[in-house]
Every structure is written in structure tokens, then in C-alpha cells.
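Observations on the model geometry
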Amino acid sequence: MVLLSACHGQADVARPAGSARLGAITITRQACGSCHVIPGIEGADGRVGPPLAHFASQQTIAGKLPNSPANLKRFLKAPRAVVTNGAMPDLGLSDDQMRDIAAYLYALK
């Protein structure tokens with residue numbers, strides 16, 4: 001996927017392959033909402049991690065990586081390799097789960 005620059009410096013990221021519906025299920029099962037506010041996910045009202053509303057229009061992932069599906073997968077695969085002292089745990093996600101989570105998050109414009 002390609003990261004496209006939009007007017008006014010905001011990111012406009014192409015949607016990754018994957019199922020947003022399955023991403024919502026994985027997000028719920030992994031309890032991502034215990035740390036993040038995530039629109040459309042019941043009970044996702046955590047305040048430990050950043051809110052994930054408008055994820056697709058954010059410039060960076062974890063304040064470190066340019067926002068792209070490939071970088072999201074990189075972060076989800078090994079979050080502490082990106083943010084050494086970060087609170088995000090390694091969730092042991094499969095490639096399909098990461099792709100589905102990305103599909104869900106990139107639908108949050």
C-alpha cells in the first residue's frame with residue numbers, strides 16, 4: 001500500500017487488504033479497548049494508550065513511524081522494537097489478524 005499525502009499535510013492512507021469486520025472481532029478478543037478508545041468497539045474506553053479515532057488521518061503510528069499499513073503491521077508485530085519503553089504488549093497476532101485490524105483502523109477516518 002502507498003502513503004498518499006493530502007492537502008494541509010494530513011495523511012490519507014490507502015486501505016489495506018483485510019476484513020474490517022474480522023478486525024473488529026480480533027480487536028474485541030484481544031481486549032485492545034482495555035487500553036484504547038476505539039470507535040465502534042463496545043467497551044473500548046481505555047485510557048492507557050492513545051485513542052484510535054481517526055486513525056487513518058493520523059500522521060504517525062506510535063509517534064515514530066509514518067502512518068502506512070506496512071508500518072502498522074511492523075508495530076503490531078513487535079511494538080517494543082518501535083517504542084522500546086512503550087506499554088503496548090506483543091500480542092502474538094497472525095499476519096491475517098494484523099491485516100484485519102489494519103482494515104478496521106484504516107476505516108476510522
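As a starting point, this report considers the structure included with it. (Residues numbered from 1 in each chain as written. Predicted model: local features only at pLDDT ≥ 70, side-chain atom pairs only at ≥ 80, totals over all residues. Heavy atoms only, no water.)

**Topic: the nonpolar core**
Here is the rule we go by: Side-chain atoms within 4.5 Å are what join buried Ala, Val, Leu, Ile, Met, Phe, Trp, Tyr and Cys residues into a set we call a nonpolar core. Only protein chains enter the accessibility calculation, which uses a 1.4 Å probe. A residue is then buried if its area is under 20% of the maximum for its type, exposed if over 50%, and partly exposed in between. In DSSP terms, a helix is any run of H or I states spanning at least four residues, a strand is any run of E spanning at least two, and both are numbered starting from the N terminus. In this analysis, two residues are considered to be in contact whenever any of their non-hydrogen atoms come within 4.5 Å of each other.
Ranked by internal contacts, the top residues of the largest apolar core, which has 23 residues, are Ile38, Leu72, Tyr104 and Leu105. Among the secondary structure elements, those contributing two or more residues to this core are α1 (20–29), α2 (69–77) and α4 (95–105). Here this core takes 5 residues from α4, the largest share from any one element. In this view, Leu105 contacts Leu52, Phe55, Ala56 and Leu72; residues no more than four positions away in its chain are not counted.

**Considerations on the environment of Ile61**
For Ile61, the location among the structural elements is in strand β3 (residues 60–61). For Ile61, a relative accessible area of 3% puts it in the buried group. Taking the C-alpha atoms as reference points, Ile61 and Asn71, separated by 10 residues in sequence, lie 7.5 Å from one another.

**Quick look at the side chain of His36**
As a reminder of what qualifies: N or O atoms within 3.5 Å of each other form a polar contact, as long as, within protein, one can give a hydrogen and the other can take it, and as long as residues adjacent in sequence are counted only when both atoms are side-chain atoms.
Secondary-structure assignment places His36 in the loop between α1 and β3. Looking at His36, the relative accessible area reads 12%, which means it is buried. Polar contacts involving the side chain of His36 include one to the main-chain carbonyl oxygen of Pro50, which spans 2.7 Å. In this structure His36 touches Ala44, Asp45, Gly46, Gly49, Pro50, Leu52 and Met88, once residues within four positions along its chain are discounted.

**What about the packing of α1 against α4?**
When two helices pack together, you describe them by how their axes are tilted relative to each other and by the distance separating the axes. Just so we agree on the cut-off: Helix axes are fitted only over the stretch in contact, all axes being lines through C-alpha atoms; the angle between N-to-C directions runs from 0 to 180 degrees. Orientation categories follow fixed angle ranges, with anything under 35 degrees roughly parallel, anything over 145 roughly antiparallel, 65 to 115 roughly perpendicular, and all other angles oblique. Throughout this entry, Asp, Glu, Lys and Arg are counted as charged residues, while Ala, Val, Leu, Ile, Met, Phe, Trp, Tyr, Cys and Pro are counted as nonpolar. The remaining residues, Gly among them, count as polar.
For the pair α1 and α4, the least separation of the axes is 7 Å and the interaxial angle reads 105 degrees. Relative to α4, the element α1 is oriented roughly perpendicular. Across from Ala20, Leu22, Gly23, Ala24, Thr26 and Ile27 in α1, the residues of α4 making contact are Gln97, Asp100, Ile101, Ala103 and Tyr104. For the contact of α1 with α4, the class distribution of residues is 7 nonpolar, 3 polar and 1 charged.

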